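# Coordinate analysis (summary)
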Amino acid sequence: MDKLSDRVKRLGYSQTFVMSNKAREMKANGIDVISLTLGEPDFDVPDNIKQAAFDAINQNYSHYSPVPGFLELREAIAYKLKRDNQLVYKPTQICVSNGAKQAILNVLAAIINDGDEVLLPAPYWVSYDEMVKMMGGSSVMLPTSYVTDFKITAEQLEEAITDKTKAILFSSPCNPSGGYYTYDELKSLAKVIAKYPKITVISDEIYEFINYETKTTSIAQFPEVYEQTAVINGMSKAYAMTGWRIGYSACPEWLAKACEKVQGQMTSGANTMAQRASITALQTDPSEYKYMIDAFKKRRDLVYELIKEIPGFKVLLPKAAFYFFPDISYYIGKTLNGTEIKNSDDFAMFLLENAHVGCVGGLSFGSPECIRFSYAASEEDLREAMKRIKNLLEQFS
């Protein structure tokens, strides 16, 4: 008797964790693996944030919080959104969740019926498609490429909208491409979306601060789609608080209430000590944490000079986040050391097994011709990883 639900059988495993687990297994067996798989800052949490958590413990913040989060934290989020994004939200429009991933799931659970379509500009974060499946929806991929800077156009968006379209879900800055949509590009997308009031925009802005060129624009800044947009953000990337699991959504009031309803039946409020520490993080001037972004930029520039020398790679200079997403289509269809490369997942496994460098294939990102490297690693490891890959692939160029 099959005890698993059809829903769970439809879901795939996160390829990010598949590859990182494989790298860990090889390391445990004594193999010198450099893993560039996970999207996690390699910095410790800043001391003032840690102290706020210690203070919260000593002040006995050990009981349930309100489902959408402490009022003081929602006020701090509203302050941050006004300060950094020129967005006006009331605390009642904000729901604090157990990471940005739950914030996205809350929104999807609140709006998706079985058979509804969600537009996913590709490449997209690996969990988006699986989240849509989990809620009974159907993903519609909007392909992009290295040539288009991995971004969709307004015309492409309009052509993809059907009577079944319920939402569009994307990240800007983007995981995995490292690109972002400019003000003018978002404005053109907003003009299209505004014509379809039934469509909800789910704008994942978790990499907002890791931007090397300018301040990131939120699509919610355009009045014509403000009431259609759910802004998703959190503490994990800008503050190196991945394990603290604090994310949030800022939405129209009706959607915020629905997210609170969903979360109230799933997990209730997020970790109370982490919530109190997040208040301190958000109230601190972002310049206090800029040292992390400066370090990422230095590593980005280092890797860009090295990765350009790898034969068969076509690569853009990422403008944000901490990923490279090279096009490796040159190798697809080839047989390397007896391994047939049918797609980028095969190629990622080939690099892991032969160069002992872990990355993630682009199939689960919606871009089967690309692979993703995280450069949230030491400069020493990054130099050695690019050297290993270059030395391996020079045999086949």
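Values in this document were obtained by computation on a predicted structure and should not be read as measured data.

Reading the values: the criteria
Numbers given for residues are sequential positions, taken from 1 along each chain in its written order. The predicted nature of this model means local features are confined to residues of pLDDT at least 70 and side-chain atom pairs, given and counted, to a pLDDT of 80 or more, with totals for whole chains, interfaces and linings taken over all residues. Hydrogens and water are ignored here; the side-chain numbers use all heavy atoms of the structure. Helix and strand labels come from DSSP, where a helix needs a run of H or I of at least four residues and a strand needs a run of E of at least two; each type is numbered from the N terminus. Values of the radius of gyration come from C-alpha atoms, whereas the globule rule sets the reference at 2.2 Å times the count of residues to the power 0.38. Per-residue accessibility, obtained with a 1.4 Å probe over protein chains only, is compared with the maximum for each type, and a residue is labelled buried under 20%, exposed over 50%, and partly exposed between these values. Should any heavy atoms of two residues lie within 4.5 Å, those residues are counted as being in contact. A pair of strands is labelled paired if DSSP reports no fewer than 2 bridges between them. All axes here are fitted lines through C-alpha atoms, helices being fitted over the stretch that makes contact, and every angle between N-to-C directions spans 0 to 180 degrees. UniProt positions are given in the numbering used here, feature names are shortened, and annotations may be inferred rather than shown by experiment. Side-chain atoms within 4.5 Å are what join buried Ala, Val, Leu, Ile, Met, Phe, Trp, Tyr and Cys residues into a set we call a nonpolar core. What marks off one domain from the next here is an automatic or database domain assignment. Note on definitions: buried area is the accessible-area loss of two parts on being combined, 1.4 Å probe, summed for both. For salt bridges, the criterion is a side-chain nitrogen of Lys or Arg within 4 Å of an Asp or Glu carboxyl oxygen. Identification of polar contacts relies on pairs of N or O atoms within 3.5 Å, with a donor-acceptor requirement for protein atoms, meaning one able to donate a hydrogen and the other able to accept it, and with residues adjacent in sequence counted only if both atoms are side-chain atoms. Each residue gets one of three labels, nonpolar for Ala, Val, Leu, Ile, Met, Phe, Trp, Tyr, Cys and Pro, charged for Asp, Glu, Lys and Arg, and polar for the others, Gly among them. Aromatic rings from Phe, Tyr and Trp, with only the six-membered ring used for Trp, were paired whenever their centres fell within 6.5 Å, and each pair was classed as stacked if the ring planes differed by under 30 degrees, edge-to-face if by over 60, and tilted otherwise. Counted as over-ring charges are cases with an Arg CZ or a Lys NZ within 6 Å of the ring centre that also lie within 35 degrees of the ring normal. Expected helix span is given by 1.5 Å per residue-to-residue step, counting one fewer step than there are residues. Note on handedness: a clockwise path from strand one over the helix to strand two, with the strands aimed away from the viewer, defines a right-handed crossover.

## A closer look at the overall build of the chain
In terms of helices and strands, the chain carries 14 helices and 14 strands. Taken over C-alpha atoms, the radius of gyration comes to 21 Å for the chain, in line with the 21 Å a tight globule of 397 residues would show. Dimensions along the principal axes, computed over C-alpha positions, put the chain at roughly 60 × 55 × 55 Å. Counting all 397 residues of the chain, 55% fall into the buried class. Partitioning the contacts of the chain with sequence separation of at least 6, the portion at a separation of at least 24 is 74%.

## Some details on the sheet that holds strand S7 (residues 229-234)
The seven strands are arranged S2-S8-S7-S6-S5-S3-S4 in an open sheet whose pairing can be described as mixed. Every interior strand has two partners, whereas the edge strands, strand S2 (94-97) and strand S4 (138-142), have only one. Neighbour-to-neighbour, the strand axes of this sheet turn through a mean angle of 20°, independent of strand direction. Where strand S6 (residues 200-204) lies against S7, four bridges are found, and the strand directions are parallel. Across the sheet, residue Ile202 finds its bridge partner in S7, namely Ala230. Here helix H10 (residues 253-266) sits on the sheet and contacts S2, S6, S7 and strand S8 (247-250); the angle it forms with S2, its principal contact strand, is near 30°.

## What to know about the UniProt feature "domain: Aminotransferase class I/classII large" (unreviewed entry) in the chain
The residues that UniProt annotates with the feature "domain: Aminotransferase class I/classII large" (unreviewed entry) are residues 32-389. Across residues 32-389, the secondary structure splits into 38% helix and 15% strand, with the terminal C-alpha atoms separated by 14 Å.

## As for the nonpolar core
Residues Phe313, Phe347, Leu351, Phe373, Ile389 and Leu393 are the most contacted members of the largest nonpolar core, which totals 105 residues. Counting residues per element, this core draws most heavily on helix H5 (residues 100-111), which supplies seven residues. In contact with Phe313, other than residues within four places in its own chain, are Ile307, Pro326, Asp327, Ile328, Tyr331, Phe347, Ile371, Phe373, Ile389 and Leu393. Membership of the second largest hydrophobic core comes to 20 residues, among which are Leu119, Leu186, Ile199 and Ile219.

## Observations regarding the domain arrangement of the chain
For the chain, the assigned domains are domain 1 (6-44 + 289-394) and domain 2 (47-287). Summarising the inter-unit geometry, the C-alpha centres of domain 1 and domain 2 are found 26 Å apart. In this complex, domain 1 contributes 37 residues to the contact, which on the side of domain 2 involves 39 residues. Taken together, the two surfaces of domain 1 and domain 2 that pack against each other cover about 3,300 Å², and 61% of this comes from carbon and sulfur. Linking Lys319 and Asp149 is a salt bridge whose minimum nitrogen-to-oxygen distance equals 4.0 Å. Here domain 1 is connected to domain 2 by 18 residue pairs in polar contact (both at pLDDT 80 or more). Of all elements in the fold, only helix H1 (6-10) and helix H12 (290-307) reach the threshold of two or more residues within the side of domain 1 that touches domain 2. With six residues, the single largest contributor to the side of domain 1 that touches domain 2 is H12. Class assignment of the residues belonging to the side of domain 1 that touches domain 2 gives a composition of 18 nonpolar, seven polar and 12 charged.

## Examining the packing of aromatic side chains
Summed over the entire model, instances satisfying the criterion amount to 21 aromatic pairs. Between Phe296 and Phe322 the ring centres are 5.0 Å apart and the planes differ by 40°, which places this aromatic pair in the tilted class. In this pair, Phe296 sits in helix H12 while Phe322 sits in the loop between H12 and strand S9 (323-324), placing the two residues 26 residues apart along the sequence. Taken individually, Phe296 and Phe322 each receive the classification buried, so the pair is uniform in this respect. Seen from their ring centres, Phe313 and Phe347 are 6.2 Å apart, and the 65° between their planes marks the pair as edge-to-face. In this pair, Phe313 is assigned in the loop between H12 and S9 and Phe347 in helix H13 (residues 344-354), connecting sequence segments 34 residues apart. On the basis of relative accessibility, which here comes to 0%, the residue Phe347 falls in the buried class. Positioned over the ring face of Phe70 is Arg276, at 5.0 Å from the centre of the ring. When the ring centre of Tyr330 is taken as reference, the NZ or CZ atom of Lys334 above it lies at 4.6 Å.

## Some thoughts on helix H11 (residues 272-283)
If you check H11, its first and last C-alpha atoms are 17 Å apart, about what 12 residues at 1.5 Å a residue would give, namely 16 Å. Counting buried positions along H11 yields nine of 12 residues, so the element is predominantly enclosed. Buried residues belonging to H11 abut helix H3 (47-58), helix H4 (71-85) and S2.

## Examining the pairing of S6
Burial within S6 is extensive, with five of its five residues counted as buried. Neither face of S6 is open: one carries Thr200, Ile202 and Asp204, the other Val201 and Ser203, and all of them are buried. Taken together, the five bridges between strand S5 (residues 165-171) and S6 define a ladder with parallel strand orientation. Within the sheet, the bridge partner assigned to Leu169 lies in S6 and is Ile202. For the segment spanning S5, helix H8 (residues 183-193) and S6, crossover handedness is right-handed.

## Digging into the environment of Gln156
Counting through the fold element by element, Gln156 comes out in helix H7 (residues 154-160). Along the chain, Gln156 and Ala385 lie 229 residues apart, while their C-alpha atoms are 37 Å from each other. Every residue in contact with Gln156, bar those within four places of it in the chain, is listed here: Leu142 and Pro143.

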